[in-house]
Amino acid sequence: MGKVRVGMVGYKFMGKAHSNAYRALPMFFPKTPALPEMKAICGRNAEALEQARSQFGWESAETDWRKLIERSDIDVIDINAPSDAHKEIALAAAAAGKHLFCEKPLALNVADAKEMLDAAEEAGIKHMVGFNYRFAPAVQLAKKLVSDGRLGEIYHFRAVFLQDWIIDPTFPLVWRLQKEVAGSGSHGDLGAHLIDLARFLVGEFDEVIGMSETFIKERPLPSEMTGLSAKGDASGARGKVTVDDATLFMTRFENGALGSFEATRFAAGHRSTNAFEINGSKGSVKFDFERLNELEVYFTDDADDVQGFRRVLATDPAHAYMDAWWPAGHTIGYEHTFTHEMQELMLAIHEDRQPVPNFHDGLRCQEVLEAVEQSITERRWVKLAEYK
């Protein structure tokens, strides 16, 4: 049984999710031929970093990512720091011959994403991007139904990612609301997941047209930030919000299907509604991550007296990954998608192939994100061919 030695940059929301995945993998997927060894975690705040190191189960800690990359006992660099740090760390890690796992969105723009992909390819390393929602068993089932032709010709893909965590105008100006750090707002943070799911399930985008809005233009400066929470003085100094609060766009896929997408952090009552529907000539599927173990399935060839959407509980051993978890009917959660994701990374390294999704997928997603932004600025349909 091989070991893949991991060094991770970041220790907050995604750092905890990734750490949990690395720890769970040997317990639930023990036959994976290469398993992670949690060598070092990296962050700037030494005190908070040490607490995370102890809590998450890492062997050691580094406060400088450059030193982490220089270590000879590290095989993979896991990047889950804010988006503006992705490129610099990835380029240095690739130059040092380290395999890469990078959270989405891959970069701040298409040019940076392409530079990261080119560097990884030139270095001959493995590279993976963190689109974890692909790894929900119900989403894998949707993919199988599409790929096997059981939904027929695909006509529609519609998707929404709805949250409400910044709807309070006194919520502080966290880094996700600053374009120079995040790249974009709900569009890049939430919409990127929808774009990847659409590419995974339906195919490549042909053209897009969009609209966006920033509802709250200024917010209090934060005194503390952790994950999706923050503290600040509502009556204190304020800063400008430089990203979108909501973005909607339409697309035509290369195969002729039509798509609609909505990403917003201003949908009151929606904590994290990540949902899609696919309509084909022979049937449809519906998925909502708030009910992540379920896929609603409809087939047109069902008898007239029993036609309708059926609820498929994707927890049987026949469903992707589920033979590693609990007895049928015993559900899994958000954190399990990361375990499945990390298993793909470990398998790819052992099998000497690129994991999926990888930096190619990250670049394709970035091209769609940027095409939508260009469409909004120029108020026109934008062809993805313009980015090739």
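All of these numbers come straight from a predicted model, not from anything done at the bench. (Residues numbered from 1 in each chain as written. Predicted model: local features only at pLDDT ≥ 70, side-chain atom pairs only at ≥ 80, totals over all residues. Heavy atoms only, no water.)

Enquirer: Let's hear about the packing of helix α4 (residues 86-95) against helix α5 (residues 110-123): which residues, and what values?
Expert: Helix-helix packing is described using two parameters, namely the angle between the two axes and the distance between the axes. Between α4 and α5, whose axes approach to 9 Å, the crossing angle comes to 15°. On the basis of their axis angle, the class for α4 and α5 is roughly parallel. The crossing of α4 and α5 is left-handed. Where α4 abuts α5, its residues H86, K87, A90, L91 and A94 lie against D112, E115, M116, A119, A120 and A123. (Axes fitted to C-alpha atoms, helices over the stretch in contact; angles between N-to-C directions. Helix = DSSP H or I, 4+ residues; strand = E, 2+ residues; numbered from the N terminus. Parallel < 35°, antiparallel > 145°, perpendicular 65-115°, else oblique. Left-handed = near helix turned anticlockwise from the far one by under 90°. Contact = heavy atoms within 4.5 Å.)

Enquirer: Tell me about the side chain of K98, and name the residues and values.
Expert: Here K98 lies in the loop between α4 and β5 (99-103). Here K98 sits buried without a salt bridge, and the closest side chain of opposite charge, D75, lies 6.3 Å off (N-O distance). A distance of 2.7 Å separates a polar atom in the side chain of K98 from the backbone oxygen of R71. At 2.8 Å, the side chain of K98 forms a polar contact with the backbone oxygen of I74. What K98 contacts, discounting residues up to four positions off in sequence, is I69, R71, S72, I74, D75, I77, A93 and I125. (Buried < 20%, exposed > 50% of the residue type's maximum accessible area, 1.4 Å probe, protein only. Lys, Arg positive; Asp, Glu negative; His and termini not counted. Salt bridge = Lys/Arg side-chain N within 4 Å of Asp/Glu carboxyl O. Polar contact = N/O pair within 3.5 Å; in protein donor to acceptor, adjacent residues only side chain to side chain.)

Enquirer: Give a detailed account of the packing of aromatic side chains, specifying residues and quantitative values.
Expert: Under the counting rule described, the total for this entry stands at 23 aromatic pairs. Between the aromatic rings of Y133 and F289, the centroid separation amounts to 4.7 Å while the plane-to-plane angle is 90°, which identifies the pairing as edge-to-face. With a gap of 156 residues between them, Y133 in the loop between β6 (127-130) and α6 (137-147) and F289 in the loop between β16 (283-288) and β17 (294-299) connect regions that are remote in the sequence. Here Y133 falls in the buried class, since its relative accessible area comes to 7%. Overall, F289 belongs to the buried group, its relative accessible area being 9%. When the centroid spacing of 5.5 Å and the interplanar angle of 90° are considered together, the rings of W165 and F171 count as edge-to-face. According to the relative accessible area criterion, F171 is buried, its value standing at 13%. Against the face of F200 rests K143, its NZ or CZ located 5.0 Å from the ring centre. Taking NZ or CZ as reference, K286 lies 4.2 Å from the ring centre of F309, over its face. (Phe/Tyr/Trp six-rings, centres within 6.5 Å; stacked < 30°, edge-to-face > 60°. Lys NZ or Arg CZ within 6 Å of the ring centre and 35° of its normal.)

Enquirer: Report on the pairing of β6, specifying residues and quantitative values.
Expert: The alternating pattern of β6 places H127 and V129 on one face and M128 and G130 on the opposite face, and all of these are buried. Across 4 bridges, β5 lies against β6 in parallel orientation. In the strand pairing of β6, L100 is matched with H127. Where the polypeptide runs from β5 across α5 and back to β6, its parallel neighbour, the crossover connection is right-handed. (Pairing = 2+ DSSP bridges. Right-handed = clockwise from strand over helix to strand, strands pointing away.)

Enquirer: Break down unusual backbone geometry for me, with residues and values.
Expert: Note that the residue after K104, namely P105, is joined by a cis bond; omega there is -15°. Position of P105 among the secondary structure elements: in the loop between β5 and α5. Residue V356 is joined to P357 through a cis peptide bond whose omega torsion reads 5°. Locating P357 in the fold gives a position in the loop between α9 (334-351) and α10 (359-378).

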